[in-house]
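Working through the structure, step by step
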Amino acid sequence: MSNPNYSQANIGAGRRSFLKRSLSLSLLTASGLSAGSLFAAPATQNRFLLVFLRGGYDAANLLVPYNSSFYYESRPTIAIAKPDAKNMQSAITLDGSWGLHPALRESIAPLYVRKEALFMPFTGTDDLSRSHFETQDSIESGQSGAKNRDFSSGFMNRLTQVISGAQPISFTDALPTIFKGNTNVANVSLKGVGKPPFDDRQSAILAGMYAGHPLEDSVREGLDLRQEVGREVEQEMQAANRGAISPKGFELEARRMARLMRERYQLGFVDVGGWDTHVNEGGASGALAGNLDNLGRGLSAYAQEMGTMWKQTVVVVISEFGRTFRENGTRGTDHGHGSVFWVLGGAINGGRIVGEQTGVDQASLFQNRDFPVLNDYRAVLGGLFQRMYGLSADEIQTVFPGTKARDYGLV
Amino acid sequence: MRWLNRITYGIDGATVAEYQTLGRKGFLEKQLRGSEDGMPAAVSATLAHLDMINLPLSQSLQDIDLANKHINTLPTEDDKQQARKQLNDQAGIAVYETNKRHLLRALYSPAQLKEQMVWFWDNHFSVFQGKANLRWSVADYEEHAIRPHALGNFRDLLMATLKHPAMLMYLDNAQSAGGKINENYARELLELHTLGVNGGYSQQDVQELARILTGVGVDTQPTSPKLKPEWQALYLRDGAFEFNPARHDFGDKQFLGQSITGQGWGEVEQAIDLIVKQPATAHFISNKLALYFVSDDPPPALVDRMAKAFQHSNGDISAVLRTMFSSKEFTASLGSKFKDPMHYVVSAMRLAYNGKTVTNLKPVNNWLNSLGEPLYGRLTPDGYGMRQRDWASSGQMSKRFEIARAIGGGSAGLFDSDDGSPPVAFGFPMLSNRLFYETVDNVMSVPVKLALDKAASQAEWNAYLLASPDFMYR
């Protein structure tokens, strides 16, 4: 907590408001607003984490249209039961039409009640290839419709270019398309990492070889980050040896992510795989339920670990596409179109289902198979970035060429 | 030594010895011919026994077709899943064998320039093994479309990729037919393979080329389709490649300012002639070669001379390379090109293990994966980037240090069998050897020498050498 912005954030943390970048701390003081009455850190201190569910998760079982008889007809073995207080395996009521998958009862449902979570059904991209890699690629590049596509540029890299001073980090082995581009982005994988590969003496010797070299900063940052993560792994091991329950799977990764983003990085990206449920998807329990449980626990742990910074944090969960509305012949679902995006954060306008919607029946299906896309992901994220960082229309064009941002009032 | 480090994947003892025998000129000419004289017998023997990928492609594609049909007739879901898993595992083996062949050649073939050019063209005409049946076809694509032309004629190379099922499936031309056109391949052929994005073609040209390419596709059946008599003479077949007149748009076309009369396959030949003769193609290819071999910002004067050599020789790739390698710009650039992950990993292994044949390539695949440059793994058709900024992120640098430690420490399992039998003991390599003192030592920078002096063991010494800034450049 050495950064003074953090203590300012504490003072005004009760207020559900994000400041635009133009309202710097000094301006606020000059205009006579007391730091105690507003959320007063510069907007570049806001945290944004994008979670990409690779494989196309089955959004229709995350957000259950429990009033739709068509839903229950279409999914004879994998549907989630209507909300029922006596049945813990039933959907959790979110509003008059939508229920939440019961695997998220202890993790995401409480966030929704605290208005720290919202969902956007019928959201996604105009890409119709239904191919994992083509759709992931087009989402990450964010240039659909742009005349000359730059293959080596992703929208989160362009976002770092328009928010000055924001430190980006990718929690992945290699740099994903979304972070490719002109800005140098740190990357470190937090899953399956071991103890530090080098001790302090060795690290110093390695860094020493690069003294005065153009790669010096990159090398130091990489070594520091790797050593830091390695030390955390050691501490976690020691804690486990003392009998503490050690988190598993995505929760472990998410806690490490939160500690890095709380202290040093403002823009983060992580991907989570395993959502391509063509076969034996399961319903209230089974493959998808297990994945959602793992994801939900991780996101909830992330929120907790961010501490007071959670009020300045927005997490968006996306996937390349939704899946076929109807169950297939192997008790799973195939590649579809419209998805459901999740937005989480300590100061968002949550506890709602947001965006354009339509009824859930056969007539409203896209090509008689999938959820349609009524909310373009670039308009959604563009609108969010505008609110979080006070970006101009030109800056939005840099991030998402050819897109008009739409303000859904997410934060 | 810097010259040798650039012409090859990086020095090893055999390369240095050959260079000393042939001299610079003789060595370069042998490299430009792509002569594989002197391939280690152990490597040749391994390559001859990659059973999955040594089958003809048309045969494997037919087999997969049959297997899939068979799976659909299986009585229970469990049987189907098990059979699918088996097929999937076999595809995994095919991919491993393809990787293994590529890496063994890169590591040990005396035709070091040719091996780099195979990688270069694999990357230029990039296909992604994860799409459709490509896990089965990348081996054949590399072996029969890319490799024979890697140092040969550009038109032949382009045509070989155009006729290969891997490319036709990857960029969807196999699905393109008259009235149901898919422009994907036509666009990338112009933008990424030949003219370049600002190469002076229009959206109209893309559409017209897509029409010309209708019917250029893949047939995985053993027998050709039944066609009307007047189309039978126009049908072409070569392995799994076909030109099917029934799917072709026979209207006349306007392409790159020329009229092309609807006639079938002849249109494709005409269009490719036109494309290859464009100065923009000569320039685009020359620039990319210079980007790979000379500099992140290729000197325009050099690229112009290379483009002239391209045009004068009708697209002779070795003539363009000769112009580049004998230029003063090339000499001036030695030691300043940041290694991409493939160059980094291969050069480190060549120096460290100096000809001792690796048996288990899985660690190498993992390293390339974790550095973000797996073989046949580029999702998008543009291929991997070739500049320092594409590969020098903080995470990638520290990953290189870990790989340097693994290679230098001898603990990576490279000399284990790759069939799951128990590991064999292998100590760390002695990198501070005669090869090092005769070649590398005298070009090492002072901070690196200081670091090496602080090493507490030979394994640590190896790691510092391979992690040094000097070793990151070629």
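These lines cover the structure that appears in this document, whether it is placed above or below. For clarity, every value in this text was computed on a predicted model and none was experimentally measured. (Residues numbered from 1 in each chain as written. Chains lettered and ligands numbered in written order. Predicted model: local features only at pLDDT ≥ 70, side-chain atom pairs only at ≥ 80, totals over all residues. Heavy atoms only, no water.)

Section: the overall build of chain B
Basically, it comes down to this: Numbering of helices and strands runs from the N terminus, with a helix taken as a DSSP run of H or I at least four residues long and a strand as a DSSP run of E at least two residues long. For the radius of gyration, the atom set is restricted to C-alpha positions; the globular benchmark scales as 2.2 Å times the number of residues to the power 0.38. For the exposure calls, accessible area comes from a 1.4 Å probe over protein chains only, and a residue counts as buried if that area is under 20% of its type's maximum, exposed if over 50%, partly exposed in between. Should any heavy atoms of two residues lie within 4.5 Å, those residues are considered in contact. Here the Shrake-Rupley method, with its probe set to 1.4 Å, supplies the accessible areas, and only the displayed protein chains count as covering residues. A residue counts as positive if it is Lys or Arg and as negative if it is Asp or Glu; His and the chain ends are not included. For the purpose of locating charges, the reference atoms are NZ of Lys, CZ of Arg, CG of Asp and CD of Glu.
Each helix and strand in chain B was counted, giving 25 helices and five strands. Compactness check: chain B gives a C-alpha radius of gyration of 24 Å against a globular reference of 23 Å for 474 residues, within 12% of the reference. Overall size of chain B, expressed as C-alpha extent along the three principal axes, is 75 × 65 × 40 Å. Within chain B, the fraction of its 474 residues that count as buried is 58%. For chain B, long-range pairs separated by at least 24 residues make up 72% of all intrachain contacts whose partners lie at least 6 apart in sequence. About 18300 Å² of surface is accessible on chain B, with carbon and sulfur atoms providing 51% of the total. Separation between the mean location of the 48 positive side-chain charges and that of the 52 negative ones in chain B comes to 3 Å.

Regarding the overall build of chain A
Counting its regular elements, chain A contains 13 helices and 11 strands. For chain A, buried positions account for 58% of its 411 residues. Within the structure as shown, chain A displays about 15300 Å² of accessible surface, and the carbon and sulfur contribution to it stands at 50%.

Structural notes on the interface of chain A and chain B
How we decide: The term buried area denotes the loss of accessible surface (1.4 Å probe radius) that occurs when two parts are joined, taken as the sum for both partners. Should a side-chain nitrogen of Lys or Arg be within 4 Å of a carboxyl oxygen of Asp or Glu, the pair is scored as a salt bridge. By the criterion applied in these results, polar contacts are pairs of N or O atoms within 3.5 Å in which, for protein atoms, one can donate a hydrogen and the other can accept it, and in which residues neighboring in sequence qualify only through two side-chain atoms.
Contact residues are listed per partner, giving 35 residues for chain A and 43 residues for chain B. With both chains or domains summed, chain A and chain B bury close to 3200 Å², and 61% of this area falls on carbon and sulfur atoms. For the pair chain A and chain B, the interface holds three salt bridges. The residue Arg201 of chain A makes a salt bridge to Glu460 of chain B at a minimum N-O spacing of 2.9 Å. One can count 11 residue pairs in polar contact (both at pLDDT 80 or more) joining chain A with chain B.

Considerations on the nonpolar core
Here is the rule we go by: What is meant by a nonpolar core is a set of buried Ala, Val, Leu, Ile, Met, Phe, Trp, Tyr and Cys residues, joined one to another through side-chain atoms within 4.5 Å.
The biggest cluster of nonpolar side chains holds 162 residues, and the ones touching the most others in it are Met117, Trp121 and Leu321 of chain B. Looking at this core element by element, the count peaks at 10 residues for helix H5 (residues 77-108) of chain B. Residues contacting Leu321 of chain B, with those up to four places away along its chain left out, are Leu32, Leu113, Met117, Leu151, Leu289 and Phe293 of chain B. In terms of nonpolar packing, the next biggest core, distinct from the first, is built from 66 residues, Tyr57, Val272, Trp275 and Val317 of chain A among them.

Structural notes on the sheet that holds strand S2 (residues 63-65) of chain A
Our working rule: When DSSP finds at least two bridges between two strands, those strands are taken to pair.
Pairing within the open sheet is antiparallel, and its three strands lie in the order S2-S4-S3 (chain A). This sheet does not close on itself; its edge strands, each paired only once, are S2 and strand S3 (92-93) of chain A.

Some details on the side chain of His337 of chain A
Residue and element names in this part refer to chain A. Examined against the element boundaries, His337 turns out to sit in the loop between strand S9 (313-319) and strand S10 (339-344). For His337, a relative accessible area of 9% puts it in the buried group. What His337 contacts, discounting residues up to four positions off in sequence, is Thr125, Asp127, Leu128, Phe321, Gly322, Phe366, Asp370, Phe371, Pro372 and Val373.

Comments concerning the pairing of strand S1 (residues 47-53) of chain A
A regular strand places its side chains so that they alternate between the two faces of the sheet. Residues and elements named next belong to chain A. Burial analysis of S1 places seven of its seven residues in the buried class, which makes it a mostly covered element. Burial along S1 is two-sided: Arg47, Leu49, Val51 and Leu53 and Phe48, Leu50 and Phe52, pointing in opposite directions, are all buried. Examined bridge by bridge, S1 and S9 share seven bridges and lie parallel to one another. Counterpart to Leu49 in the pairing with S9 is Val315. Pairing analysis gives six bridges linking S1 to strand S8 (residues 267-272), with the strands arranged parallel. Among the inter-strand pairings, Leu53 is bridged to a residue of S8, identified as Val272.

Some words on the sheet that holds strand S3 (residues 241-243) of chain B
All names here are of chain B. Heads up, the rule is: The angle between two axes is taken between their N-to-C directions and runs from 0 to 180 degrees, where each axis is a line fitted to C-alpha atoms and a helix contributes only its stretch in contact.
If you walk across this open sheet you meet the three strands as S1-S3-S2, and the pairing is antiparallel. Sheet topology places strand S1 (216-218) and strand S2 (236-238) at the edges, where each strand pairs with a single neighbour. For this sheet the average axis-to-axis angle between neighbouring strands, irrespective of direction, equals 25°. Pairing geometry for S2 and S3, over three bridges, is antiparallel. Within the sheet, the bridge partner assigned to Asp238 lies in S3 and is Phe241.

Some thoughts on the pairing of strand S5 (residues 117-124) of chain A
All names here are of chain A. Most of S5 is tucked away, with eight of its eight residues classed as buried. Bridging between S5 and S10 involves five bridges; their strand directions are antiparallel. Within the sheet, the bridge partner assigned to Thr123 lies in S10 and is Ser339. Direction of pairing for S5 relative to strand S11 (residues 375-376): parallel, over a ladder of two bridges. Bridging from a neighbouring strand, Gly124 pairs with Asp376 of S11.

Some remarks on the environment of Glu402 of chain B
For Glu402 of chain B, the position within the fold is in helix H21 (residues 394-409). It is 26 Å that separates the C-alpha atoms of Glu402 of chain B and Leu334 of chain B, two residues lying 68 residues apart in sequence. Excluding residues that lie within four positions of it along the chain, Glu402 of chain B makes contacts with Pro197, Phe198 and Arg226 of chain A.

Concerning the environment of Arg378 of chain B
With respect to the secondary-structure elements, Arg378 of chain B resides in the loop between helix H19 (362-370) and helix H20 (388-391). Apart from residues lying up to four places away in sequence, Arg378 of chain B is in contact with Phe151 and Lys180 of chain A together with Ser126, Val127, Phe128, Tyr170, Gly383 and Tyr384 of chain B. Within the structure, the side chain of Arg378 of chain B is placed 3.0 Å from the side chain of Asp382 of chain B, a separation counted as a polar contact.

Re the pattern of salt bridges
The full count for this structure, using the stated rule, is 49 salt bridges over all chains. Here Glu269 of chain B makes a salt bridge to Arg155 of chain B, at a shortest N to O gap of 2.8 Å. Taken together, the residues span a long stretch of sequence, with Glu269 of chain B in helix H13 (residues 265-277) and Arg155 of chain B in helix H8 (residues 154-162) at a distance of 114 residues. Residue Arg155 of chain B is classed as buried on the basis of its relative accessible area of 18%. Beyond isolated ion pairs, a larger network of salt bridges with shared partners links Glu232, Glu236, Glu251, Arg255, Arg256, Arg259, Arg262, Glu263 and Glu305 of chain A.

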